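Observations on the model geometry
Here's the letter readout for the chains.
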Amino acid sequence: MRVREKRWNKPVMEKMKRGGVLAAFFAAVAVFVVMLQMEKSVLEQGEKGTVLVAVSEIPKGRMLSVSDAEQYFAVREVDVELIPGSAVQMLEDLDGKNVAYGIEAGSILTQGMLAEPDRVIQEMKAPVIAGFKADDLYQVAGGILRKGDKIHVFHVTEEQEVMLIWENLTVQAVFDQAGNQISNEDAFSAAQRINIYLDKADIDDFYARLSSGTLRVVKVCE
């Protein structure tokens, strides 16, 4: 007796194929969802730690205090593996510190971004503040100087001889032509009067050179 072979018509076959593809798709989606949940669970179980993150751009030279630190930083919880060893974790640690260089928003704050405000003068035997005024902006790096900048000072004699007389001096404060102090947040005002930290022993030489010629200031790029 001959067994009749069962034949499927074409519409039925195509329907079965589509059903198989859909089943495979939903199975893949289910696996993906399970994997996401597992990853989320692993991350949630990971050890966390707190850091300070800048919520806005902070200019170089800005002096920080606990009272105003909250406008610049927020406490965030992150994976301990992502926390630098020198990370700052408490707002209280910022009190009385200076920003060593510009900090971008979103940056995790570390000790290397901060500086002690009196570190410069501690290295001097008898620190004092000396000031001078530039007749033209090109004498003072085009007026871009701000508090905390490092500068080299050159002396130009009446005979137009140029000599480097001081290196890596620190700017204590800057002022516009009218004598108004310019903050580090001000990116537009031209600094034309400059206060710098000097050793007392250098003051006589500083003003003697100033009276016998002019000074030229070069900003150190850090």
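Please read all numbers here as calculations on a predicted model, not as lab measurements. (Residues numbered from 1 in each chain as written. Predicted model: local features only at pLDDT ≥ 70, side-chain atom pairs only at ≥ 80, totals over all residues. Heavy atoms only, no water.)

1. A closer look at the environment of Lys 147
Counted only if it meets this: A helix here means a DSSP run of H or I that spans at least four residues, while a strand means a run of E at least two residues long, and both kinds are numbered starting from the N terminus. For the exposure calls, accessible area comes from a 1.4 Å probe over protein chains only, and a residue counts as buried if that area is under 20% of its type's maximum, exposed if over 50%, partly exposed in between. Residue contacts are counted whenever heavy atoms from the two residues lie within 4.5 Å of one another.
Note that Lys 147 resides in the loop between strand 5 (127–133) and strand 6 (150–157). A relative accessible area of 30% means that Lys 147 is categorised as partly exposed. Put simply, Lys 147 and Gln 172 are 25 residues apart on the chain and 5.4 Å apart in space, counted from C-alpha to C-alpha. If sequence neighbours within four positions are ignored, Lys 147 has contacts with Lys 60, Gly 61, Val 171, Gln 172, Val 174 and Asn 184.

2. Description of the nonpolar core
The following threshold applies: Grouping buried Ala, Val, Leu, Ile, Met, Phe, Trp, Tyr and Cys residues that are joined through side-chain atoms within 4.5 Å yields what is termed a nonpolar core.
Counting residues in each nonpolar core, the largest one holds 21 residues, and the members touching the most others are Phe 132, Ile 151, Val 153, Ile 194, Ile 196, Leu 198 and Phe 206. At the level of secondary structure, the elements contributing two or more residues to this core comprise strand 5, strand 6, strand 7 (162–175), strand 8 (193–199), helix 4 (203–211) and strand 9 (213–219). Ranked by the residues each element gives to this core, the list is headed by strand 7, at five residues. Of all hydrophobic cores here, the second largest spans 15 residues; its members include Ile 58, Val 88, Leu 94 and Ile 103.

3. Focus: unusual backbone geometry
Positioned with a positive phi, Ala 141 is a non-glycine residue whose angle comes to about 55°. Here Ala 141 lies in the loop between strand 5 and strand 6. The phi dihedral of Gln 160 is positive, around 65°, even though this residue is not glycine. Here Gln 160 lies in the loop between strand 6 and strand 7.

4. Focus: the confidence of the model for the protein chain
This is how it is decided: Scored from 0 to 100, pLDDT reflects the predictor's confidence in each residue.
A residue-level look at the protein chain finds 75% of positions with pLDDT of 70 or above and a mean pLDDT of 78. By mean pLDDT, the top-scoring element of the protein chain is strand 8 (90), and the lowest-scoring one is helix 1 (residues 10–45) (58).

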